[in-house]
Each structure stands twice: as structure tokens, then as C-alpha cells.
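# Geometric and topological summary
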Amino acid sequence: MQDAQGQAITVASDAAARAFDHVIDGFLKYRFDTGLRLKAFRALDPTAPLGQVLSGCFAMMAYDRAMAPRALAAVAAAEALPANPRERAHMAALREWAEGRPEGALSVWEQIIAEHPHDLLAFRLHHFSAFWMGEPGRMLAAVDGVMPRWSAAIPGFGSVLACRCFAHEECGDYLIAEQAGRQAVAMDAGDLWAAHGVAHVLEMQGRRTEGLDWIRSLEPHWDGGNNLMHHLWWHQAMFHMERREFGAVLDLYDTRFRNLGSKVTLAQPDLYIDMQNAASMLFRLQLRGLDPGDRWGELAEKAEARIGDTLSAFTQPHWMMALMATGRREAANRLLEALAEAGRANTHHAAILRDAALPACQAVMLHGEGRFAEAVAVLRPALGALHRLGGSHAQQDVLEQLFLDAAMKAGSAEDVRLALERAAGRYSLSPARRIGYAEAALAVPF
């Protein structure tokens, strides 16, 4: 049996192979029913090894330590089943990931796609994990490595283009990124990842009017999407933020990307990306002197319940924002203690927690306490490591704005210049034309 890309797959029937393809298509296109598709595939063929692998990988993608035992059980079950060498390699990658060695999983996926460039599962898992490990160069290398072996004649080409878009965007090549993303959307107007990649290009280049038009024009095609829709609406709010349309920002918060009554939010109320979207937007509003009302409360409750879960490094400072905004100092201290403890391990991830997540969280706490000079002092040495937290340039910018705000309030002109220079290096638009930097750019010439 073969999958849609012509690769050998261990399944009991052609119907099971097509069910596997249906799962992969849902995974690539960010469909809300992907879990149900996987359940149907596994029911149709309980002995398919990739059914277990997919279950384990989807569990790990939640970045929730409570899901790790499920992933370990899934890989153990897969290893007991008949499988071909490519499928065995997928098991090895999952085991590395589930046992806390995501850098090992990246290496295995790179080996898989070097030998099997049409393996969309390995390719997309690598893209996802490299992004959240702060490795955009590896994202780009993977895309560039497989592109010569792909064409529009092979099912899934649009998803490869979408990844090409985002990898090039995060590496600063906006021309190639936008071209690839628009090509993918032309092939499928409902391709959320491609829409997202182009939105990032427009954000980095300060093309706010185009950004709003882009999202509004594609939104009718998003029915059935998962939490990535929330992130696209977050991008829409970011464009409004830059135009100082704060009412529109809050409306999108309440009705789109943090709509507590939507079925997508109810399914995963504390999903890491949704928590990041919400906390970073409220924090940006506060930096502009706006009161977000009682919106912090439910975020803080969820953040406090997850203290000690350090799988997602980038989520940690966002949890700290919510805890500090609601005056939960004891919980904030526990978060710092948990990060310090996790950072003592001799692992790749522990080093990220120690070198980037911990100082970022300390800076958020100090800023919240009005200890601005101390916030600057603790975050300054970590600025060069913040990218290791994962997340995009647009997402990480909230920490850059935190540093700048603290430097301004501490009266440290040199640190203000440092923040402005970093912003000028990342964005096409002058800091003087960005809402989080304009005041500083006028006050401190650079």
C-alpha cells in the first residue's frame, strides 16, 4: 500500500491508506476535526503503526506535560507492530521527543526527509518543532532540501509552499516568502498556514492596510479550522493595534481569538498558542496605558494551574504576564522556582529555560513591580538568546517592547538605543512608525 505521495505504508487495506491520507490532510490544513479523522483511521486499522505514531505526535504538539505519558504509550505500542524502516524512523523520532529530547527528534526527521522528501508527516513535524525550538535556519534548510523534489503534480505541494513561505519569512527573505505563500493560497484559499505566513510578511514590512484586507478576504474560507484561526485573528488585531484602533483590538479579542464560548476554545481552553495570543495582546495594550478590564483573570487561573509545566519555553513569560497583572505574586514566585529547577538539568531544553525563559519571566515580574532598572539589568544579557524560546519575530516582539518600556522608565538612554537598534534590524519599517517604539524613537535619537 502507498500513501497519497507514493510512499510505502503499512496498512491493512486501501481504505485504511486513504483514511491515513485524510488525517495528514487535516493535519497540514489545521482542521478542527483532525483528531476525529485519526480516530476513524485507527478504528479502520488498529494495527497501522503510523496510527500510533500520529496519536503520540499529536499528544506532544499540545505542549502539555500531562500528555507526555500518552505519547510514550503510543510509541511503545507502535514499536510492537510490524512496520517498514521509514515508519521505524518515525517511531525513533517520537521516542526522542516524548522522552524530552526534541533536538534528537529534529535530527531523525531530517534523516527521514533526506531519504524520503515526499514524507509530509516528517517534514511538517520538523517544521513545527524547529519553529518552537527557535531554529528558523533548520526550517529553511529542510524546505530548501525538499523543494527540488516537489511539484504541483504531487498532492500536498501547497503545504510545502506554505512552509517555504514561513521559513523564508522568519529568515528575513520576504520576497520569496510572500511569493510562496500567495501561490499556496491561490491553490487553496483555505490554507491557513499559507495565509498565516503571508500575514507575517505584511506585519514585518508594516503593510497594515494590506494585512487587514488579506485576512478579511480569506476569512470566509476558514470554516472548520482549528486554533490557527485564532492566531490569524491575533494578526488582524496586531494590524489594528498599529493603527491605534484599540476598540477593534478588544472586539477581536472577545469575539475571535479569545472567544471563551467558541467550540475551538472550549476544546482546549489553555492551549499554549491561545494563551500567548491573549496575554501578549493584553500586555501590549497595558504598555499603551489602556486598561483591559477583567480579561486577565481567566488567563491567570489557567497559568497558575500550569506552573511547573515547562515544555513550552515561550509560554512561560506569557503566564507570568497574567499572574503579575492579577497580583498573584506567590504564584509568580512559584513559576520562577519551577523554571530554575527545570533549568538545572543537563539538556538542550533546560539550557533554553535557564538562558532565556527564566530571565524573561524575571523581567516581566520586575517590570510589574515597577522595578524598571532591575528588569533592564536582568533582561539585557538574555536579549541575544530570546529567539531560542521559539515563536516568530512578531510574537517575540512583546518581550522587546517590555525591555524598551523598562529602559524608558528607568531613564537608561543607552538601553533605549539598544532596543531601537534591535527593532530597526528586524523590521522593514522605522521604529518611529511603530506604536511600541515611536515615543522612544522621538525621545532618544539613534
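This one's a predicted model, so the numbers in the text were calculated from it and none came from an experiment.

Analysis parameters
- Residues numbered from 1 in each chain as written.
- Predicted model: local features only at pLDDT ≥ 70, side-chain atom pairs only at ≥ 80, totals over all residues.
- Heavy atoms only, no water.
- Helix = DSSP H or I, 4+ residues; strand = E, 2+ residues; numbered from the N terminus.
- Rg over C-alpha atoms; globule rule 2.2 N^0.38 Å.
- Contact = heavy atoms within 4.5 Å.
- Areas by Shrake-Rupley, 256 points an atom, 1.4 Å probe, with all protein chains shown as cover.
- Lys, Arg positive; Asp, Glu negative; His and termini not counted.
- Charge placed at Lys NZ, Arg CZ, Asp CG, Glu CD.
- Salt bridge = Lys/Arg side-chain N within 4 Å of Asp/Glu carboxyl O.
- Buried < 20%, exposed > 50% of the residue type's maximum accessible area, 1.4 Å probe, protein only.
- 1 Å grid on protein atoms, 1.4 Å probe; cavity = no way out; pocket = protein on both sides within 12 Å on 5 of 7 lines; lining within 4 Å.
- Points joined across faces, edges and corners; volume = space filled by probe spheres on them.
- Nonpolar A, V, L, I, M, F, W, Y, C, P; charged D, E, K, R; others polar.
- Axes fitted to C-alpha atoms, helices over the stretch in contact; angles between N-to-C directions.
- Left-handed = near helix turned anticlockwise from the far one by under 90°.
- Arc of directions from axis to C-beta.
- Expected span 1.5 Å × (residues − 1).
- Polar contact = N/O pair within 3.5 Å; in protein donor to acceptor, adjacent residues only side chain to side chain.
- Phe/Tyr/Trp six-rings, centres within 6.5 Å; stacked < 30°, edge-to-face > 60°.
- Disulfide = S-S within 2.5 Å.

Okay, the overall build of the chain next. Regarding its fold elements, the chain presents 24 helices and zero strands. For 446 residues, the compact-globule estimate of 2.2 N^0.38 gives 22 Å, and the C-alpha radius of gyration of the chain, at 22 Å, lies within 12% of that figure. Counting only C-alpha atoms, the chain reaches 70 × 45 × 40 Å along its principal axes. For the chain, the proportion of contacts with a sequence separation of at least 24, taken over those separated by at least 6, is 65%. A total of about 16500 Å² of accessible surface is found on the chain, and carbon and sulfur atoms cover 54% of it. Here the chain contributes 44 positive and 53 negative side-chain charges, whose respective centroids are spaced 1 Å apart.

Here the focus is the pattern of salt bridges. Where charged atoms of side chains with opposite charge meet at close range, the side chains can pair. Tallied over the full model, the rule gives 38 salt bridges. Arg 380 is paired through a salt bridge with Asp 415; the nearest N and O atoms lie 2.7 Å apart. Residue Arg 380 is found in the loop between helix 21 (372–379) and helix 22 (393–410), and its partner Asp 415 is found in helix 23 (residues 413–426); the two are separated by 35 residues along the sequence. On the accessibility criterion, Arg 380 (37% relative accessible area) is partly exposed.

A few words now on the layout of surface pockets. Approximately 1100 Å³ is the volume found for the largest pocket. What lines the largest pocket is a set of 40 residues, among which Phe 58, Met 61, Ala 62, Asn 226 and Gln 268 lie closest to the centre. Listing elements by their share of the lining of the largest pocket, those giving two or more residues are helix 1 (14–28), helix 2 (34–44), helix 3 (49–60), helix 4 (68–79), helix 7 (120–132), helix 11 (192–204), helix 13 (228–242) and helix 16 (272–287). In the lining of the largest pocket, the residues fall into 20 nonpolar, twelve polar and eight charged.

Here the focus is the environment of Ala 4. Among the structural elements, Ala 4 can be located in the segment before helix 1. Along the backbone, Ala 4 and Gly 156 are 152 residues apart, and their C-alpha atoms lie at a distance of 8.5 Å. Setting aside anything within four residues of it in sequence, one finds Ala 4 in contact with Arg 18, Asp 21 and Pro 155.

Our next topic: the packing of helix 6 (residues 102–115) against helix 7. One way to put it is that helix 6 packs onto helix 7 with a least axis distance of 9 Å and a crossing angle of 145°. Helix 7 is crossed by helix 6, and the crossing has left-handed handedness. Residues Leu 106, Trp 109, Glu 110, Ile 112 and Ile 113 of helix 6 form the contact with helix 7, whose own contacting residues are Ala 122, Phe 123, Leu 125, His 126, Ser 129 and Ala 130.

Below, the discussion takes up unusual backbone geometry. At Tyr 63, a residue that is not glycine, the phi angle is positive and equals roughly 45°. Position of Tyr 63 relative to the elements: it lies in the loop between helix 3 and helix 4. For Tyr 63, a relative accessible area of 10% translates into the label buried. For Arg 244, which is not glycine, the phi dihedral falls at a positive 60°.

On to helix 21, then. All of the buried residues along helix 21 are Phe 372, Ala 375, Val 376 and Leu 379. Projected down its long axis, helix 21 carries its buried residues within an arc of 100°, all on one side. For helix 21, the elements touching its buried residues are helix 20 (348–368), helix 22 and helix 23.

On to the environment of Ala 441, then. Here Ala 441 lies in helix 24 (residues 438–443). Residues Ala 441 and Leu 311, 130 residues apart in the sequence, show an inter-C-alpha distance of 36 Å.

Once that is clear, we can look at helix 11. Helix length check: helix 11 (13 residues) gives 18 Å between terminal C-alpha atoms against 18 Å at 1.5 Å per residue, within 8%. Taking burial as the measure, the 13 residues of helix 11 include 13 buried ones, the bulk of the element. By the N-cap criterion, in which a side-chain oxygen at the helix start approaches the backbone nitrogen of a residue two or three places on, helix 11 is capped by Asp 191, the distance to Trp 193 being 3.2 Å. Just downstream of helix 11 lies Gly 206, where phi reads positive at about 70°.

Within the secondary structure layout, Asp 191 lies in the loop between helix 10 (174–187) and helix 11. In this structure, Asp 191 is buried with no salt-bridge partner, the nearest side chain bearing the opposite charge being Lys 29 at 5.2 Å. Excluding its chain neighbours within four sequence positions, the residues that come into contact with Asp 191 are Lys 29, Gly 158, Ser 159, Ala 162, Ala 184 and Val 185.

All right, on to the packing of aromatic side chains then. Taken as a whole, this structure holds 14 aromatic pairs when the rule is applied. On the numbers, 5.1 Å between centres and 65° between planes, the contact of Phe 131 with Phe 166 is edge-to-face. Of the two residues, Phe 131 sits in helix 7 while Phe 166 sits in helix 9 (residues 157–170), which places them 35 residues apart along the sequence. One aromatic cluster is present, built from ring pairs that chain together Tyr 30, Tyr 63, Trp 97, Trp 109, Phe 128, Phe 131, Trp 132, Phe 166, Trp 193, Tyr 272 and Phe 314.

Further remarks concern the packing of helix 16 against helix 22. Helix packing for two helices is described by the angle between their axes and how far apart those axes are. Interaxial distance between helix 16 and helix 22 falls to 10 Å at its minimum, and their mutual angle equals 30°. Like other packed secondary-structure pairs, helix 16 and helix 22 cross with a definite hand, here left-handed. Listed contacts from helix 22 to Ile 273, Gln 276, Ser 280, Phe 283, Arg 284 and Leu 287 of helix 16 are Ala 394, Gln 395, Asp 397, Val 398, Gln 401, Leu 402 and Asp 405.

Moving on: the side chain of His 168. Along the chain, His 168 falls in helix 9. Those residues within four positions of His 168 in sequence are excluded, and the remaining contacts are Leu 140, Asp 144, Asp 173, Ile 176 and Ala 177.

Let us look at the state of the cysteines. Throughout the structure, instances matching the rule amount to zero disulfides. There is no disulfide at Cys 57, and the cysteine sulfur nearest it, in Cys 163, is 15 Å away. Its relative accessible area of 1% is what places Cys 57 among the buried residues.

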